[in-house]
Amino acid sequence: MQKNQNALTFNHVLMHSTRQGAVMNASNPNVYDGYPKPELIEQAHLAAIAREKREREEAIRRQPDFAMAHAELGFIHSQRVMYAFTEEMDEEADAALRAVNKAYELAPRDPTVMERTALVWFNLGLKNRSVRLLKELLKAAPHDLVAWGYLGCAMAMGGSKEGVEEGKGILARLLAIAPRHPSVPFWNYFSAGAYAQSG
């Protein structure tokens with residue numbers, strides 16, 4: 001199964017598909033200047049997140065020890081917090097942490113669970129825990145470029161000067177050695193954010 005990168009993946013795919021539809025249906029009243037209205041994109045995004053949340057919850061109901069379902073549910077909760085798609089920010093953040101912690105408890109050596117858990121921890125401000133887990137993952141899977149990208153991002157976004165520079169270096173090396181990797185847009189995005197933050 002191809003790994004989801006983060007919420008931006010869904011946004012980019014959604015924008016691309018809806019823009020294509022807008023061009024083909026220029027008379028659509030929900031389209032402005034050839035593009036879908038922003039509120040429609042947000043509604044579609046919210047509907048997709050709600051559907052995925054229900055699917056993961058149902059998977060857990062059927063199989064409570066399904067680690068990846070817990071990990072994905074935690075990721076969904078964290079995205080709802082990050083993008084303010086909920087009015088219950090603290091409750092959803094707690095739900096995200098409970099879900100990924102459960103996933104990690106169930107499958108502490110599963111690379112995808114480790115990656116998802118680290119990403120949620122980072123998204124919710126637990127940067128040091130995220131970095132430690134990603135480094136642990138990369139000891140077992142040193143060629144996982146996606147995980148390297150997340151590590152570069154986590155290290156480059158604040159912390160010690162040495163850590164920030166190491167994170168930037170990781171992202172730069174990834175861009176140099178794998179210029180056609182599907183994660184390149186994200187590595188560029190992470191790099192731009194890091195330089196904007198630290199100069």
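All of these numbers come straight from a predicted model, not from anything done at the bench.

1. Some points on the pattern of salt bridges
Stage number 1. Taken as a whole, this structure holds nine salt bridges when the rule is applied.
Stage number 2. For Arg-109, the salt bridge identified is with Glu-136, shortest N-O distance 2.7 Å. Placement of Arg-109 in the loop between helix 4 (89-106) and helix 5 (111-123) and of Glu-136 in helix 6 (residues 127-140) is noted, with a sequence separation of 27 residues between them.
Stage number 3. Classification of Arg-109 by relative accessible area gives exposed; the value is 61%.
Stage number 4. Given the relative accessible area of 30%, Glu-136 is considered partly exposed.

2. Here's the deal with the nonpolar core
Stage number 1. The biggest cluster of nonpolar side chains holds 31 residues, and the ones touching the most others in it are Leu-134, Leu-137, Tyr-150, Leu-151, Leu-171, Trp-187 and Phe-190.
Stage number 2. Mapped by element, the contributors of at least two residues to this core are helix 4, helix 5, helix 6, helix 7 (145-156), helix 8 (161-177) and helix 9 (184-198).
Stage number 3. For this core, the element with the most residues is helix 7, which contributes eight residues.

3. Observations regarding the confidence of the model for the chain
Stage number 1. Looking at the chain as a whole, its pLDDT mean stands at 82, while 78% of the residues score no less than 70.
Stage number 2. Between residues 1-37, whose pLDDT stays under 50, and residues either more than four places distant or in other chains, the model counts 49 contacts.

4. A closer look at helix 8
Stage number 1. Its 17 residues place the ends of helix 8 24 Å apart at the C-alpha level, agreeing with the 24 Å of an ideal helix rising 1.5 Å per residue.
Stage number 2. Residues of helix 8 that are buried: Gly-163, Val-164, Gly-167, Lys-168, Ile-170, Leu-171 and Leu-174. Here the buried residues of helix 8 occupy an arc of 150 degrees about the axis, which is enough to place them on one side. More than 90 degrees from the buried face of helix 8, the exposed residues found are Lys-161, Glu-162, Arg-173, Ala-176 and Ile-177.
Stage number 3. Looking at the packing, one finds that the buried side of helix 8 touches helix 7 and helix 9.

5. Some remarks on helix 7
Stage number 1. With twelve residues, helix 7 extends 16 Å from end C-alpha to end C-alpha; this agrees with the ideal 16 Å at 1.5 Å per step.
Stage number 2. Burial analysis of helix 7 places ten of its twelve residues in the buried class, the great majority of the element.
Stage number 3. Among the residues of helix 7, Val-146, Ala-147, Gly-149, Tyr-150, Leu-151, Gly-152, Cys-153, Ala-154, Met-155 and Ala-156 are the ones counted as buried.
Stage number 4. The elements touched by buried residues of helix 7 are helix 5, helix 6, helix 8 and helix 9.
Stage number 5. Positive backbone phi, approximately 90 degrees, marks Gly-158, located one or two places after helix 7.

The rules we used
- Residues numbered from 1 in each chain as written.
- Predicted model: local features only at pLDDT ≥ 70, side-chain atom pairs only at ≥ 80, totals over all residues.
- Heavy atoms only, no water.
- Salt bridge = Lys/Arg side-chain N within 4 Å of Asp/Glu carboxyl O.
- Helix = DSSP H or I, 4+ residues; strand = E, 2+ residues; numbered from the N terminus.
- Buried < 20%, exposed > 50% of the residue type's maximum accessible area, 1.4 Å probe, protein only.
- Core = buried A, V, L, I, M, F, W, Y, C linked by side-chain atoms within 4.5 Å.
- pLDDT = per-residue confidence, 0-100.
- Contact = heavy atoms within 4.5 Å.
- Expected span 1.5 Å × (residues − 1).
- Arc of directions from axis to C-beta.

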